[in-house]
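# Architecture at a glance
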Amino acid sequence: MLQVAINGYGTIGKRVADAVREQPDMEVLGVAKTRPNFEAETAIDKGFPLYAAVEEREHLFDEAGLEIAGPVEDLVDEADVVVDATPSGIGAQNKELYEEYDTPALYQGGEDADLVDVSFNARSNFADAADADHVRVVSCNTTGLSRVISPLREAYGVEKVRATLVRRGGDPGQTDRGPINDILPNPVTIPSHHGPDVETIFPDLDIDTLGMKVPATQMHMHSLNVTLEEEVDADDVRELFADESRLFLIPERMNIDGSGKLKEYALDAGRPRGDLWENCIWEESISTVGNDLYLFQGIHQESDVVPENVDAIRAVTGSADAEESIERTNETLGIGL
Ligand SMILES: NC(=O)C1=CN([C@@H]2O[C@H](COP(=O)(O)OP(=O)(O)OC[C@H]3O[C@@H](n4cnc5c(N)ncnc54)[C@H](OP(=O)(O)O)[C@@H]3O)[C@@H](O)[C@H]2O)C=CC1
Ligand SMILES: O=C(OP(=O)(O)O)[C@H](O)COP(=O)(O)O
């Protein structure tokens with residue numbers, strides 16, 4: 001049974017903890033936080049041992065009546081793998097800790113690619129993470145782009161990718177985020193970080209990305225144009241994508257016209273927290289003109305990297321190959337709408 005530590009129990013960390021708990025070959029050894037709040041209380045209610053991420057603040061937990069299992073160092077020492085889900089930049093500061101205890105570590109997309117040995121997407125380069133000590137599960141948007149690019153490259157070859165990313169301003173709980181009433185080119189310079197980030201998965205890919213931020217919290221939206229190496233019928237692309245477990249083709253009959261209804265559908269379907277682990281591609285948007293493929297996809301920023309973290313745990317520990325791991329993760333979480 002793989003003992004998994006989760007350092008950083010926020011939007012991503014708490015979802016990864018729940019997903020790890022569902023796995024037959026993994027156990028949540030504990031989760032670490034810097035301060036008591038509703039998430040700390042929920043962690044304890046769920047039975048996750050809670051560790052203090054910052055020694056000087058341990059007394060805050062005592063004062064709030066929350067039992068602490070020990071310092072984060074103990075957690076890291078005892079774990080087979082640590083999933084670092086702290087805010088961008090903190091993962092880099094924590095690297096030394098993981099090296100000190102010789103515990104393999106997974107980082108999230110907010111960290112720089114050069115922090116790690118391998119940037120990871122389960123569908124694209126699972127095997128590259130075998131035995132790596134430091135692996136980065138790429139960001140939600142990069143995950144979403146990689147999942148689409150992989151099958152297209154294998155089936156037809158890809159000459160060029162152009163993607164425009166309309167990004168949610170903040171997550172639902174991020175009351176300090178904006179914009180409130182605006183549309184921002186973000187970054188205003190081109191490319192956005194997503195293109196170079198996708199190239200950490202596919203080093204030889206030609207890709208340009210443009211980013212914007214809008215006053216929404218539910219999901220990101222990608223407008224994608226892929227120039228393929230051959231002329232392809234849109235129906236063939238639909239069939240290709242239908243075989244991909246982490247691509248959900250939204251059928252026209254469902255009358256889902258945007259991310260609001262998508263989230264509503266996920267809640268109706270009984271998904272935990274209304275999470276959408278799959279890329280949500282509007283089936284009708286899949287169109288081809290000559291060698292050019294076009295589509296729209298919704299990416300649920302809070303959850304699409306969660307199954308990728310679970311797979312990355314198996315990849316670094318060598319406990320399953322890509323196919324086995326993806327299948328087990330999908331089955332235990334209920335992926336495949
Ligand atoms: N949210 C998203 O849409 C996505 C985020 N990511 C990436 O995932 C990573 C985490 O992001 P996200 O979950 O959104 O961030 P959150 O801010 O929601 O969660 C991070 C948590 O880490 C805790 N924390 C802060 N400092 C430390 C520390 N030194 N040690 C341990 N815990 C600490 C904070 O809680 P507290 O201080 O209360 O302990 C905070 O709740 C980032 O790299 C981000 O870029 C990737 C894909 C999507
Ligand atoms: O990794 C994400 O987006 P990104 O791929 O646009 O950086 C997450 O949605 C986090 O974005 P944030 O940096 O706006 O919190």
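As the structure is a computational prediction, the values presented were derived from the model and not from experiment. (Residues numbered from 1 in each chain as written. Chains lettered and ligands numbered in written order. Predicted model: local features only at pLDDT ≥ 70, side-chain atom pairs only at ≥ 80, totals over all residues. Heavy atoms only, no water.)

## Re the nonpolar core
Residues Ile6, Val31, Leu106, Phe120, Val135 and Ile313 are the most contacted members of the largest nonpolar core, which totals 45 residues. Tallying contributions element by element places helix α11 (residues 306-317) first for this core, with six residues. Each of domain 1 (2-137 + 305-333) and domain 2 (140-299) gives at least three residues to this core. Judged by nonpolar contacts, the second largest core, of 28 residues, contains Leu145, Val161, Leu224 and Leu249. (Core = buried A, V, L, I, M, F, W, Y, C linked by side-chain atoms within 4.5 Å. Buried < 20%, exposed > 50% of the residue type's maximum accessible area, 1.4 Å probe, protein only. Helix = DSSP H or I, 4+ residues; strand = E, 2+ residues; numbered from the N terminus. Domains from an automatic or database assignment.)

## Remarks on the site of ligand 2
Taken together, Ser139, Cys140, Asn141, Arg167, Arg168, Arg177, His193, His194, Lys213, His220 and Gln301 make up all the residues around ligand 2. Within the side chain of Ser139, a nitrogen or oxygen atom sits 2.7 Å from an oxygen atom of ligand 2. One of the side-chain N or O atoms of His194 is found 2.7 Å from an oxygen atom in ligand 2. Within the complex, the protein chains bury 77% of what would otherwise be the 380 Å² of accessible surface of ligand 2. A class-by-class count of the residues in the shell around ligand 2 yields one nonpolar, six polar and four charged. (Near = heavy atom within 4 Å. Polar contact = N/O pair within 3.5 Å; in protein donor to acceptor, adjacent residues only side chain to side chain. Areas by Shrake-Rupley, 256 points an atom, 1.4 Å probe, with all protein chains shown as cover. Nonpolar A, V, L, I, M, F, W, Y, C, P; charged D, E, K, R; others polar.)

## Things to note about the packing of aromatic side chains
One pass over the structure, following the stated rule, counts four aromatic pairs. Ring centres 6.0 Å apart and planes at 55° place the aromatic pair Tyr98 and Tyr107 in the tilted group. Just as Tyr98 is buried, Tyr107 falls in that class too. Summarising the aromatic geometry, the rings of Phe120 and Phe126 are spaced 5.9 Å apart at their centres and angled 55° between planes, so their arrangement reads as tilted. Across the pair, exposure class does not vary: Phe120 and Phe126 are buried alike. (Phe/Tyr/Trp six-rings, centres within 6.5 Å; stacked < 30°, edge-to-face > 60°.)

## A few points about the pairing of strand β5 (residues 81-84)
The alternating pattern of β5 places Val81 and Val83 on one face and Val82 and Asp84 on the opposite face, and all of these are buried. Relative to β5, strand β1 (residues 2-7) runs parallel, the two sharing four bridges. Its bridge partner being in β5, Ile6 is matched across the sheet by Val83. The sheet contact formed by β5 and strand β6 (residues 105-107) spans two bridges and is parallel. By the bridge assignment for β6, Val82 is matched with Ala105. Crossover handedness for the path β5 to helix α5 (residues 90-100) to β6: right-handed. (Pairing = 2+ DSSP bridges. Right-handed = clockwise from strand over helix to strand, strands pointing away.)

## Points about the domain arrangement of the chain
Its domain assignment divides the chain into domain 1 (2-137 + 305-333) and domain 2 (140-299). Domain 1 and domain 2 are separated by 26 Å when their C-alpha centres are compared. Between domain 1 and domain 2, the contact holds 23 residues from the first and 18 residues from the second. Approximately 1700 Å² of surface area, both sides summed, lies buried where domain 1 meets domain 2, with 43% of it carried by carbon and sulfur atoms. At the boundary of domain 1 and domain 2, one finds eight salt bridges. (Contact = heavy atoms within 4.5 Å. Buried area = accessible area lost by both parts, 1.4 Å probe. Salt bridge = Lys/Arg side-chain N within 4 Å of Asp/Glu carboxyl O.)

## Section: the site of ligand 1
Taken together, the neighbourhood of ligand 1 is formed by 21 residues, with Ile12, Lys33, Thr34, Arg35 and Asp171 sitting nearest. Interatomic distance of 2.5 Å between a side-chain N/O atom of Thr34 and an oxygen atom of ligand 1. At a separation of 2.7 Å, a nitrogen atom of ligand 1 approaches a polar side-chain atom of Asp171. Protein burial of ligand 1: of its 870 Å² of free accessible surface, 83% is covered by the chains. Residues of the shell around ligand 1, tallied by class, amount to six nonpolar, 11 polar and four charged. Both of domain 1 (2-137 + 305-333) and domain 2 (140-299) provide at least three residues apiece to the shell around ligand 1.

## Quick look at the environment of Lys95
By the secondary structure assignment, Lys95 is in helix α5. For the pair Lys95 and Val116, spaced 21 residues apart in the sequence, the C-alpha separation amounts to 9.4 Å. Not counting chain neighbours up to four residues away, the residues in contact with Lys95 comprise Tyr107, Leu115 and His134.

## Some thoughts on the layout of surface pockets
In this structure, the second largest pocket encloses a volume near 220 Å³. Lining the second largest pocket are 16 residues, and of these Ala122, Arg123, Glu244, Ser245 and Ile326 lie nearest its centre. Going through the elements one at a time, α6 (122-125) and α12 (322-333) are the ones with two or more residues in the lining of the second largest pocket. The residue makeup of the lining of the second largest pocket, split by class, is five nonpolar, four polar and seven charged. (1 Å grid on protein atoms, 1.4 Å probe; cavity = no way out; pocket = protein on both sides within 12 Å on 5 of 7 lines; lining within 4 Å. Points joined across faces, edges and corners; volume = space filled by probe spheres on them.)

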